[in-house]
Structure formats: C-alpha cells, structure tokens
Amino acid sequence: MVGDKRLGERDWLIAAEFAERTALHGPTAPHEATALHAPTALHDPPAANAPVVRPAQLPAAAPDFTGRADAVRELSGLLAAQGGAPAQGSAPPVLAVSGIGGIGKTALAVHVAHAARRHFPDGQLYVDLRGAGPSPAEPDAVLAAFLRSLGIPDAAIPDGTEERTALYRSALAGRRILVLLDNARDADQIRPLLPGDPGDPGDGPHGRTAPHGRVAPHGCATLVTGRATMAGLDGAHLVDLDVMSPEEAFSLFALIVGEERAAVEREEVMDVLASCGFLPLAIRIAASRLASRRTWTVSVLARKLADERRRLDELRAGDLAVKASFELGYGQLEPEQARAFRLLGLAGGPDISLSAAAAVFGLDDAASRTLMESLVGTSLLEPTVPGRYRLHDLLRLYARTCAERDDIPEAEREAALSRLLDFYLATAARVYAAERPGDRTVEHLAPTTRPGLTFESSGAALEWLFTEADCLIACARQCVADGRRRRVADLLTAALDLAESGARSYQYEGVAEAIIESAQSAGDVRTEARARATLGNLYYFTGRFEHAERELERALDLAARDPMLASRVPNRLGSIVLDQGRKEEAEAYFNRALDAFRADANEAGEASALSNLARVHIDKGRAQAGVELAEQALEIYQRLGASLRLANGRYTLGIALTRTGRLDEALTHLTQALGIFRDSRQQLWEGMAHFRLAETHLAAGRPARAAWHAERSLAMQGLCGEWRRGSLLTVLGKALSAVGQTDRARECWQEALAIYQRLGSPEREEVSALMGVSSISSAAPPHGATRLHSDPPGGMTAH
C-alpha cells in the first residue's frame, strides 16, 4: 500500500495509526456514542480516549425456531471451537450453509449465531448481501460499513477493495468477532469479507503481531448463507441444508397454529406438510394463513393445497411468498440454465437421470451434465446418487409455471416430452429384448427418433428398468394425448416386467386405463387394442381373471391382424381359460398362438406356447406328453440364451416332472428357476416357484420343507389375487397337518375356504373335505388336489 497513489498521505497516516492502535489495544471510536461495551480481558486496556467498539448487529432470532438439531449441533460446535481462540488451523474459519430458497438458511444461521455470542465477546457483524436479488451488495461497500461499525472514521477508509480488505483484517486482528454474511451470491462476493487465516501475519501494515511479539490467533469466525454452494472457498466447512423431517415440520406447524389445533387433525396436517414439500418457508406461510383464519379447519387448507395448479398461489401470506423466493434464484440464471430449469419442470417422477435430462434438453450427455451441475451450484437442483438429480416438488411446480409463462412455446414443451418418451421407449425396448432373445415383439413397437441406452448384460438392463420405474410411468401418464398415445401403449408393453414382477402395478394400471380412454375418444383402434392387451395381462398377473379375459377378448376383436396381438393375446387367453378348467378352449388358444408365433418367426414366443401346451397335456392326464413339450420349450430357451425365460422353461418342466413322479429332477429344475427369478427381481414368480417347490417336497414326503416354501410363497404373494392365495393356504395347510400342526392347518384351510366361497370357486369342496380329516398323509397328493394352473403360465415370454 505504501506506493498506492489512490490514498492521500493524510489518509494513509490515519489508517496506519488506527491499524497499529487496533493491533495493540483494540479498535477506537471517533466519539463516545460508538462505545458499546468495555474491552475484554484478552486485550490490553485501550487508551482513555479510545473506548472499544463492540458491534452487535445480528438480526432478531425467530421466536418459533424449531428442529434442525443436527445442523445446530454441528455449527455450534465449530463456532465454539473457533471462538475459543483455537490453535493454528484447528477449526475451519468459514462455515457456509447453502440450500434452495425458503429452506431456512438465514433462520438457522441467526439462531446459531445468537447462541454462539458468548464465544465472540468482541461483537458480531452482520450484512445481507442480497445475493439472490438482481443487485447484490458490492464487497467494497460492505467493507466500508463493517469498518465504520468497528469504529474507523470515514476519512481513514481507503477507496479500493483490496485496501479496505487489508484494513478490515487488521482491525479484526487479535479479536474474537463473529461475522455473519447472509444471502451471499457466490464465493467471489464473500472472499474480501473474510478475516485472515489464524496465525497469518495479515495484510495490514502491522499484520496480527500481538503486544509481546507473538502471532495471536484472531478467534474470529465467519458464518455464510447462500443459495449457491461455496465449494470454491478453500478450507470452508460446507453444510447443505435439506428440507425438514416430518417430525420437525409438524413441530414448526404446531408452534404457529397451536399444539391442540394441530393434534386434532394430525393426518390433515401431514397432508399440508407434504403439499409444502416440507419446505420451512412454505410451512410457515401455510401455518400463518391457518392461524389467521380461526374458522378454517386444517382440512380446508389441505384441500386448497392439494390443487397443484394453484398451490404456489396459495402459499402466500403478507409479504411472504414461496413463488417470490423462487423468483430470486430463477432471475440469476443464464439463458441456457433458465431453459434447462424450465424443461426439467416438465418431467414427472421423483427424480431424473442424466440421460433422461439429455433427452429433455435435446443435448448430449456431456453438455447436459454441465447444465445440471450448474443448476446444482445454484441450489435449484439437488444431486441424489451419481447420475441422478431431483427438483424439490414446489420448485418443479414453479419451473412448470415458468415454462408456460416464459418464452418456451407449447410446441417446444411438447417436443421435450416427446424426446423423453422416445428415450424411455427405446431403452425399455432394449431391456425387453435383452430379457427375451429371439422375441420379435420389439420389432412391432412404434419407431423412435431418439436412441435408447445400451446394456452390457440383462442384469444391468433390468436394474435400469426398476430404477427408472417411477419416472418411466410418470412420463407415460403425461403423454397419453394425441400424437404420443401409440408410443405410450408400446412403452407399457416394453416395460411389462414391471407389471409381471408386481412392481408399480397400480400406477401401471392407471396409465393403461388412461390410454384406452384417450384412444376410444380419438377412434384409435390399434392403440386401444394394445392398451387393452396390456391391461388384460396385468389383470392376469394380479389374479383378476374375469377382467383379464374381457380385456383380452376385446383386444383380439379390435386388432386380430396386429401380428403382436395375434400371437400374444391367444397365448394369454389360453392360460386364463385353463385356470377355469376349460381345457379344450385352452388347447385351441395355445395352438392358435403357436401358429402365429411361428408365422412371425418369434422363437421365444414359440417356446412360450409350447410350455403352455405342456400344461394342457398334464392337466388332461397326458403327463409324459407334457414333459416332452416342456423339454422342447426348454431347449429353445437354452439355444436362445434367455436367462429369465430359461427360468420359465425350467419352472414348467419342474411341474411336469412332479406329475410324472420324477421328483428329484423336478426339484432341481424348480430350484434353479427360483434362483433366476430372485436374481431377476421377479417377486411374483419367485413366490410361485416357492409354491411349486412346496408341492414337490410334499409329494416327496418332506412336509417340513414343504411348509417352509409355502410360507415363503405366502409372504410374497401380496399382489397375486385372492384365488392364488387360497391355493397357497391349501398347500400350506396340508404341510402343517402332515407335521402335526393341525390347529394351524385348520386356520389355513378356514381362510382358504372363505376365499373360495366368496369367489364361488369349485376348490371349496376340496378344502371342506380336508377340514373333515384329522390328519393328512405326507404321500403324494392326488393329481387334482391342487390344480396345476393356479399360477402364472409357465411360458412367461408370450405376453
């Protein structure tokens, strides 16, 4: 600074004199009115005419602050260590709290700062840096204000930012002051406002040399809040603030509206909190609105917030508004960032993968990653696991609002969703093909303009499908309108593993019903037929056979010439009528399906139809013929290298071998099938394999093993339908009775009988007879004791 021409000689002398006096005695004040408190015992007493200035600028703490126990404990501990004059480098000099607007950064920081005042007896400095607004505070202006607060006269304050920073750090030398920099824009804005590192000589003319010649730690700490992450601050301790937990959110809400009022309608309060996304600002606004309206119940507020289209407008109270808080962050974005943020709001689902976001943007993965990470830096987007990101629910609504009101025309919004749908359809088709080598179904799906992902293994493909399940179904639900309806129907076909496994069955069903309604309105017969076929398959997997038969017959009537439906639908219908004992119809359907699969050169489908025909032969008492057909199907699956479908072939062959008395061979095939089903996350099929193993072990005279498998099956069959549950209970009862647990056996049969009577099923006669027998021999059950067709078809490929 000596040669700096920007400072006059008189100004330099004043600043140097003040810095020297500050280093020795603490800061002075220009007049008596600035003297707030006496000096601390850590400093030499100042001159009589130089009383110590002790700033106390913290805003008032929120009286109803609650929760955030972990963050409070973490920050308070670090501030206590820093304020206690630690050894050099023992604690981070900067604590930076970041998060989206409305997350409660300032409330937390102010609360912690007030609690830590005793560790900083020389005062607390505070400034709102206005970093989220269009006019953030300039560092040199803040420095001037801080210097005045520390007692430096205006005449001694230099003009340049670097000079002011040097003087500011000199003024803090040897003192224990807490600096709260609220609402920072970025690391560049706050760097000049940070005290120097402990033990450094400082930037002023005298550094931080203590009176006795040693370097004294300053004991200062800086607490920063901002929407942007402060990863660029070397040595800073970063705290990324998340939404409140349900318990914390309820406590905050109850503090504002009253404990009794909240407790009376606790469930409705939780609905309100969920609509608020557990965001503290939203919770405070919602609770304040309720508190000011004594005639409202919590239910009234919950209903108002349930409407997503008006939710952000409802979250306004006085000068507080969630939307206004979001506007500040959105206004800082560069054009490409703003476009990306708006487009991300269009995608449904709990989160989004990088590849899916790239489809939405119409960019490659590298460019998309840059955009996504830049939004993470502004706290508008949150990383979850590597390669996946999440928008807060209210931010998603706000992003959609921006997309509709700003410069993204409807055509561009529709194009973004169309690209996302193409990505999901193309990738799901590859998952389907990876699981079903030789199956030509994917060749009959709608073409896409965007390629899907490729996978190194079928396991990786299935992992993608189940990871993306919620997002995929959300996209399908959004795209049932004209122009995309056909691709949505095909997406459900390609993602049928989700329905088959029991995962997301209800969401899947809702999308299928929406497609049917949309297709009917538009007269789109082909799409309606495919959606009905998909819905029929789902009904079958969940045990609703009458509904399944109705939907599949309607699909076949609408589009009998669709090569995909011409084979798949008869194959499924055959399974349904076989379950009802209509063996001749079943055989006709399976033969029809077999011819259609062969005409389409669909080898995997051919194997499925052969497996199903094996079941008919076994049911007709031609067990050896059934074994031969099942072996033909298994040979095809082995030749095609179909892992999961190979499990289906082994499953069917195991059943056939059980019926011919080749029990050891049957157990081998069923056990291998069980392992593949488990690895493939096919819970419904895993449960059915346990059921078949229970039957076989019972036939082999091992009732204890049979009971174990039956109980495992029963525990996994929550989505399989009542009729199949009745079959499982019947077999479990037989196994329990055979090991002498007659009371438990009777309980199982009573429940099974109630199910069969409710359904009007003929199995009730068998169960009634069982309940009249005191014990059951562990010998092989009669062929008709438990019907073979009480499970999904052995040939699961032909959906």
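One can find the structure itself at the top, above this paragraph.
These notes cover the structure that comes with them. (Residues numbered from 1 in each chain as written. Predicted model: local features only at pLDDT ≥ 70, side-chain atom pairs only at ≥ 80, totals over all residues. Heavy atoms only, no water.)

## Quick look at the overall build of the protein chain
Tallying secondary structure elements over the protein chain gives 36 helices and 10 strands in all. Residue burial in the protein chain is summarised as follows: out of 799 residues, 58% are buried. A separation of at least 24 residues holds for 72% of the contacts in the protein chain among residues at least 6 apart in sequence. Accessible surface for the protein chain amounts to roughly 31,500 Å². Of this, 50% is attributable to carbon and sulfur atoms. (Helix = DSSP H or I, 4+ residues; strand = E, 2+ residues; numbered from the N terminus. Buried < 20%, exposed > 50% of the residue type's maximum accessible area, 1.4 Å probe, protein only. Contact = heavy atoms within 4.5 Å. Areas by Shrake-Rupley, 256 points an atom, 1.4 Å probe, with all protein chains shown as cover.)

## What about the pattern of salt bridges?
Tallied over the full model, the rule gives 45 salt bridges. The partner of Asp562 in a salt bridge is Arg530, and the shortest N-O contact between them spans 2.8 Å. One end of the pair, Asp562, is in the loop between α25 (545–558) and α26 (563–579); the other, Arg530, is in helix α24 (residues 525–541), and 32 residues separate them in sequence. In this structure Asp562 comes out as buried when scored by relative accessible area, which is 9%. Notably, a salt bridge pairs Glu551 with Arg532, separated by 2.8 Å at the nearest N-O pair. (Salt bridge = Lys/Arg side-chain N within 4 Å of Asp/Glu carboxyl O.)

## Observations concerning the packing of aromatic side chains
A full pass over the atoms with the stated rule returns 14 aromatic pairs. Centroid distance Tyr424 to Trp464: 6.3 Å. Interplanar angle 45°. Geometry classified as tilted. You can see Tyr424 sitting in helix α18 (residues 410–435) and its partner Trp464 sitting in helix α19 (residues 458–467), a full 40 residues away along the chain. Each member of the pair Tyr424 and Trp464 is classed as buried. Ring centres of Tyr651 and Phe677 lie 6.3 Å apart, and the angle between their planes is 70°; on these two criteria the pair is classed as edge-to-face. With Tyr651 in helix α30 (residues 643–659) and Phe677 in helix α31 (residues 663–679), this residue pair connects regions lying 26 residues apart in the sequence. When sorted by exposure, Tyr651 lands in the same class as Phe677, which is buried. Positioned above the aromatic ring of Tyr432 is the side chain of Arg436, whose terminal nitrogen or guanidinium carbon lies 3.9 Å from the ring centre. The cationic tip of Arg705 hangs over the ring face of Trp708; the distance from NZ or CZ to the ring centre is 5.6 Å. (Phe/Tyr/Trp six-rings, centres within 6.5 Å; stacked < 30°, edge-to-face > 60°. Lys NZ or Arg CZ within 6 Å of the ring centre and 35° of its normal.)

## What about the sheet that holds strand β9 (residues 382–383)?
An order of β8-β10-β9 is seen for the three strands of this open sheet, with the pairing classed as antiparallel. The open sheet has two edge strands with one neighbour each: β8 (352–353) and β9. Pairing between β9 and strand β10 (residues 388–390): two bridges, direction antiparallel. Residue pairing across strands places Glu382 opposite Arg390, the latter belonging to β10. (Pairing = 2+ DSSP bridges.)

## Considerations on the nonpolar core
Core analysis: the biggest nonpolar cluster contains 216 residues, and Phe253, Val322, Phe341 and Tyr424 have the highest contact counts within it. For this core, the element with the most residues is α18, which contributes 10 residues. Contacts of Tyr424, omitting those with residues within four sequence positions, involve Ala356, Trp464, Glu468, Cys471, Leu472, Cys475 and Leu491. Ranked by size, the runner-up nonpolar core spans 32 residues in total, among them Ala171, Val179, Ala187 and Leu193. (Core = buried A, V, L, I, M, F, W, Y, C linked by side-chain atoms within 4.5 Å.)

## With respect to the environment of Ser567
Within the secondary structure, Ser567 is located in helix α26. For the pair Ser567 and Leu556, spaced 11 residues apart in sequence, the C-alpha separation works out to 9.7 Å. Here Ser567 is in contact with Ala593, Ala596 and Phe597, once residues within four sequence places are set aside. One polar contact links the side chain of Ser567 to the main-chain carbonyl oxygen of Pro563, over a distance of 3.3 Å. (Polar contact = N/O pair within 3.5 Å; in protein donor to acceptor, adjacent residues only side chain to side chain.)

## What to know about unusual backbone geometry
Negative phi values dominate among residues other than glycine, just as trans dominates among peptide bonds. Phi at Ser379 takes a positive value of approximately 65°, unusual for a residue other than glycine. You can see Ser379 is positioned in the loop between α16 (365–377) and β9. Its relative accessible area of 7% is what places Ser379 among the buried residues. Notably, Arg681 is not glycine yet its phi reads approximately 60°, a positive angle. Locating Arg681 in the fold gives a position in the loop between α31 and α32 (683–699). Arg681 sits in the partly exposed class, given a relative accessible area of 38%.

## Concerning the environment of Arg117
Turning to its location among the elements, Arg117 is positioned in the loop between α3 (105–115) and β2 (124–128). Take Arg117: its relative accessible area is 41%, and that puts it in the partly exposed class. In this structure, Arg117 is in contact with Leu58 and Gln124, ignoring residues within four places of it in sequence. A distance of 3.3 Å separates the side chain of Arg117 from the backbone oxygen of His114, its partner in a polar contact.

## Some remarks on the environment of Leu273
Along the polypeptide, Leu273 turns up in helix α9 (residues 266–275). Judged by its relative accessible area of 0%, Leu273 falls in the buried class. When the C-alpha positions of Leu273 and Phe250 are compared, they lie 7.5 Å apart, and in sequence the two are 23 residues distant.

Read these as layout, nothing more, since geometry by itself doesn't imply function.
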